[in-house]
Amino acid sequence: MLGLSDEPSQTISIADQFNRVLPYYISIGMPTDEFWNGDVELVKAYRKAWEYKQQQWNIQAYLNGVYTYQAIVRVAPILHAFAKRGTKPMPYLDKPLEMDTKEQQEIKEQNKSRELQDKIASAFERFNKSFRKKNK
Amino acid sequence: MAQQIRVSFNDEEYTLEYTRATAKAMEKGGFDINAISSQPNTMIPLLFAGAFLCHHRKVKEETINAIFNKMTNKEALINKLVEMYADTVTTLLEDAEGEQGNASWEVC
């Protein structure tokens, strides 16, 4: 991607290698002064930061899609060609969707496992009851 | 954080480091990392002097040579300088962080 791996380094001068990748680093927001005179390791941080930015944009695009979908679903009743007279669209979401954070996911998982434990316990109880009845 | 070497000489502290700008300037001045083993007498002084360009641009050549002559464990020093110089390029290569390589290698 950065144009360094496809050709043997002996044939390209180090200056050419730098000049070749410089536009990429400018495009991801690295100032040229930092590229030339800054800590040589900084480029790694810029690449990682760019990766995070792309993930954030992806989430943003996904959320936009979710809101658009929600909006369409809510007006769908009146878009129907044979909708009854007086059909009204459902109101738009009254508050933003809650972000599914890691903690929320953990709570969901815990609730699921608790439900499962309860189901197993009640099944055992039922089995014990029927067993006792039969043995009376 | 980029690798640096600190040198004390005549009550002065020197920080040796390479940036891409100094690596480029060194190349312009005739330094070629590929020729370091074939022309060590030319390339090693250039490699050492180039490490002063980042933080001590105004230090005279005689001082740099005097420092180099007084340096102990020169082989390890040169290896470290080569590694630091190479870092100006290798840091530009994509690295899959967290991924361990499965191809082993050794010096023969």
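What counts as what
Residues numbered from 1 in each chain as written. Chains lettered and ligands numbered in written order. Predicted model: local features only at pLDDT ≥ 70, side-chain atom pairs only at ≥ 80, totals over all residues. Helix = DSSP H or I, 4+ residues; strand = E, 2+ residues; numbered from the N terminus. Buried ≥ 20, exposed ≤ 12 C-beta atoms within 10 Å, placed from the backbone. Contact = placed C-beta atoms within 7 Å. Pairing = 2+ DSSP bridges. Core = buried A, V, L, I, M, F, W, Y, C linked by C-beta atoms within 7 Å. Nonpolar A, V, L, I, M, F, W, Y, C, P; charged D, E, K, R; others polar. Arc of directions from axis to C-beta. Axes fitted to C-alpha atoms, helices over the stretch in contact; angles between N-to-C directions. pLDDT = per-residue confidence, 0-100. Parallel < 35°, antiparallel > 145°, perpendicular 65-115°, else oblique.

A. Spatial organisation of the overall build of chain B. In terms of helices and strands, chain B carries 4 helices and 2 strands. When the helices and strands of chain B are placed in sequence order, the string is β-β-α-α-α-α. Looking at the 108 residues of chain B, the share that counts as buried comes to 19%. Residue pairs at least 24 apart in sequence account for 57% of intrachain contacts in chain B once pairs closer than 6 positions are excluded.

B. Summary view of the overall build of chain A. The helix and strand tally for chain A stands at 4 helices and 0 strands. Listing the helices and strands of chain A from first to last along the sequence gives α-α-α-α. Evaluated residue by residue, chain A yields a buried proportion of 7% over its 136 residues. Counting contacts in chain A only where the partners sit at least 6 residues apart, residues at least 24 apart contribute 3% of the total.

C. Main features of the pairing of strand E2 (residues 12-16) of chain B. Two strands pair when backbone bridges link them, and strand E1 (residues 5-9) of chain B and E2 of chain B are joined in this way by 5 bridges, in the antiparallel orientation. Note on E2 of chain B: the bridge partner recorded for Phe9 of chain B is Glu12 of chain B.

D. The arrangement of the nonpolar core in detail. Ranked by size, the top nonpolar core spans 21 residues in total, and within it Tyr25 of chain A together with Tyr18, Ala23, Leu47, Ala51, Leu81 and Tyr85 of chain B carry the most contacts. Listed by contribution, the elements that provide at least two residues to this core are helix H1 (14-27) of chain A together with helix H1 (20-28), helix H2 (40-50) and helix H4 (74-90) of chain B. A total of 4 residues in this core trace back to one element, the largest contributor, which is H1 of chain A. Look past the residues within four positions of Leu81 of chain B in its chain and what remains in contact with it is Leu47, Phe48 and Ala51 of chain B.

E. Representation of the environment of Gly50 of chain B within the structure. All names here are of chain B. Tracing the chain through its elements places Gly50 in helix H2. Given 22 C-beta atoms within 10 Å, Gly50 falls into the buried group. Note: C-alpha distance between Gly50 and Tyr18 (32 residues apart in sequence) is 7.4 Å. In contact with Gly50, not counting residues within four places along its chain, are Tyr18, Thr22, Met26 and Phe31.

F. Quick peek at the interface of chain A and chain B. If you look at the interface, chain A gives 20 residues, while chain B gives 17 residues. Elements with a contribution of two residues or more to the side of chain A that touches chain B: H1, helix H2 (32-37) and helix H3 (42-79) of chain A. Of the residues assigned to the side of chain A that touches chain B, the class counts are 11 nonpolar, 6 polar and 3 charged.

G. Fine view of H1 of chain B. Among all positions of H1 of chain B, only Arg20, Thr22, Ala23 and Met26 of chain B are buried. For H1 of chain B, the buried positions fall inside an angular range of 165 degrees around the axis, keeping them on one side. Buried residues in H1 of chain B make contact with H1 and H2 of chain A together with H2 and H4 of chain B.

H. Structural view of the packing of H1 of chain A against H1 of chain B. Here H1 of chain A crosses H1 of chain B at 145 degrees, and the two axes come no closer than 8 Å. Contacts between H1 of chain A and H1 of chain B involve Ile14, Ala15 and Phe18 of chain A from the former and Arg20, Ala23, Lys24 and Glu27 of chain B from the latter. Each residue belonging to the contact of H1 of chain A with H1 of chain B can be placed in one class, and the counts come to 4 nonpolar, no polar and 3 charged.

I. Local environment of the confidence of the model for chain A. This prediction gives chain A a mean pLDDT of 86; 90% of its residues lie at or above 70. By mean pLDDT, the top-scoring element of chain A is H2 of chain A (97), and the lowest-scoring one is helix H4 (residues 102-135) of chain A (82).

J. A look at the packing of H2 of chain B against helix H3 (residues 61-70) of chain B. All names here are of chain B. It is at 10 Å that the axes of H2 and H3 come closest, and there the two elements cross at 110 degrees. The orientation of H2 relative to H3 falls into the category roughly perpendicular. Mapping the contact onto sequence places Pro45, Phe48 and Ala49 in H2 and Glu61, Ile64 and Phe68 in H3. The residue makeup of the contact of H2 with H3, split by class, is 5 nonpolar, no polar and 1 charged.

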